Amino acid sequence: MSQTAPYVLVLYYSNYGTTKTLAYAIAQGIEDAGMTARIRTVPTVAPETTSSKPAIPDEGDLYCTMDDLRDCMGLALGSPTHFGNMAAPMKYFWDNTVTIWLAGNLQNKPAAVFTATGSMHGGQETTLLTMMLPLLHHGMILVGVPYAEPALNRTQRGGSPYGASHVSGATHDQPISADERELAIAQGRRLAISATALAQANWTR
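Model, not experiment: these values are computed from the prediction. (Residues numbered from 1 in each chain as written. Predicted model: local features only at pLDDT ≥ 70, side-chain atom pairs only at ≥ 80, totals over all residues. Heavy atoms only, no water.)

A look at the side chain of glutamine 187
Right, so step 1: One can find glutamine 187 in helix α8 (residues 178-199).
Right, so step 2: If we ignore the near neighbours within four places in the chain, the residues touching glutamine 187 are Ile26, Ala112, Val113, Val143, Gly144, Val145, Tyr162, Gly163 and Ala164. (Helix = DSSP H or I, 4+ residues; strand = E, 2+ residues; numbered from the N terminus. Contact = heavy atoms within 4.5 Å.)

Some points on the packing of helix α1 (residues 18-32) against α8
Right, so step 1: Two elements in contact, α1 and α8, have axes whose closest approach is 6 Å; the angle formed by their N-to-C orientations is 45 degrees. Between α1 and α8, the angle falls in the class oblique. The handedness of the crossing between α1 and α8 is right-handed. Residues Thr21, Leu22, Ala25, Ile26, Gln28, Gly29, Ile30 and Asp32 of α1 lie in contact with α8, whose contacting residues are Glu180, Arg181, Ala184, Ile185, Gln187, Gly188, Arg189, Leu191 and Ala192.
Right, so step 2: For the contact of α1 with α8, a count of residues per class yields 8 nonpolar, 5 polar and 4 charged. (Axes fitted to C-alpha atoms, helices over the stretch in contact; angles between N-to-C directions. Parallel < 35°, antiparallel > 145°, perpendicular 65-115°, else oblique. Left-handed = near helix turned anticlockwise from the far one by under 90°. Nonpolar A, V, L, I, M, F, W, Y, C, P; charged D, E, K, R; others polar.)

Quick notes on the environment of glutamate 59
Right, so step 1: Looking at the secondary structure, you find glutamate 59 in the loop between α2 (48-51) and α3 (66-70).
Right, so step 2: On the basis of relative accessible area, glutamate 59 is assigned to the exposed category, the value being 70%.
Right, so step 3: C-alpha separation for the pair glutamate 59 and alanine 197, spaced 138 residues apart in sequence, amounts to 35 Å. (Buried < 20%, exposed > 50% of the residue type's maximum accessible area, 1.4 Å probe, protein only.)

Here's the deal with the state of the cysteines
Right, so step 1: If you walk through the whole model with that rule in mind, you get 0 disulfides.
Right, so step 2: Of all cysteine sulfurs in the structure, the one in cysteine 72 sits closest to cysteine 64, which takes part in no disulfide; the separation is 8.2 Å.
Right, so step 3: Under the relative-accessibility criterion, cysteine 64 is labelled buried at 11%.
Right, so step 4: Overall, cysteine 72 belongs to the buried group, its relative accessible area being 0%. (Disulfide = S-S within 2.5 Å.)

This is the structure we're talking about:
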């Protein structure tokens, strides 16, 4: 662990800004619980990614480094749904985390997932579930959204026990609903509390 202040990493990829909106709501929940949220994104996957795109984006959130991932106390992972799965840029990022996996840097740390789709039945749950798979391989402990959260029983759009989500509409112009935001904040808060508790656990017993 580095000597920087403890933080929970909020790592997302966003096409139209809707997944980014969820990321910031989750970060609010993390901060509300007294933990620092570090927000990062990943670059698009294209030939110019390595040949011409800068290592630091001209605007917006910084790209995630392996140090950002390795040193986090917990992780919130978000991606829009692409054919029922995470988007290629995020999948590419995780395909390059073998060194962290070999070192066990993420073992016993909590993780949460979140997503956004254009349609109500656009594959949110399959995306959330498949995003969990690399996290399980890394030895992380998954944190969802319990039904103790009133908005989970109330929501008419996004939100599930698997993780926060948003339905943005066919043209991705629908703002995040109050229930969707409430669930994202609640998930961030639960993730931060879990990170604090798990950091104090004795895993050598």
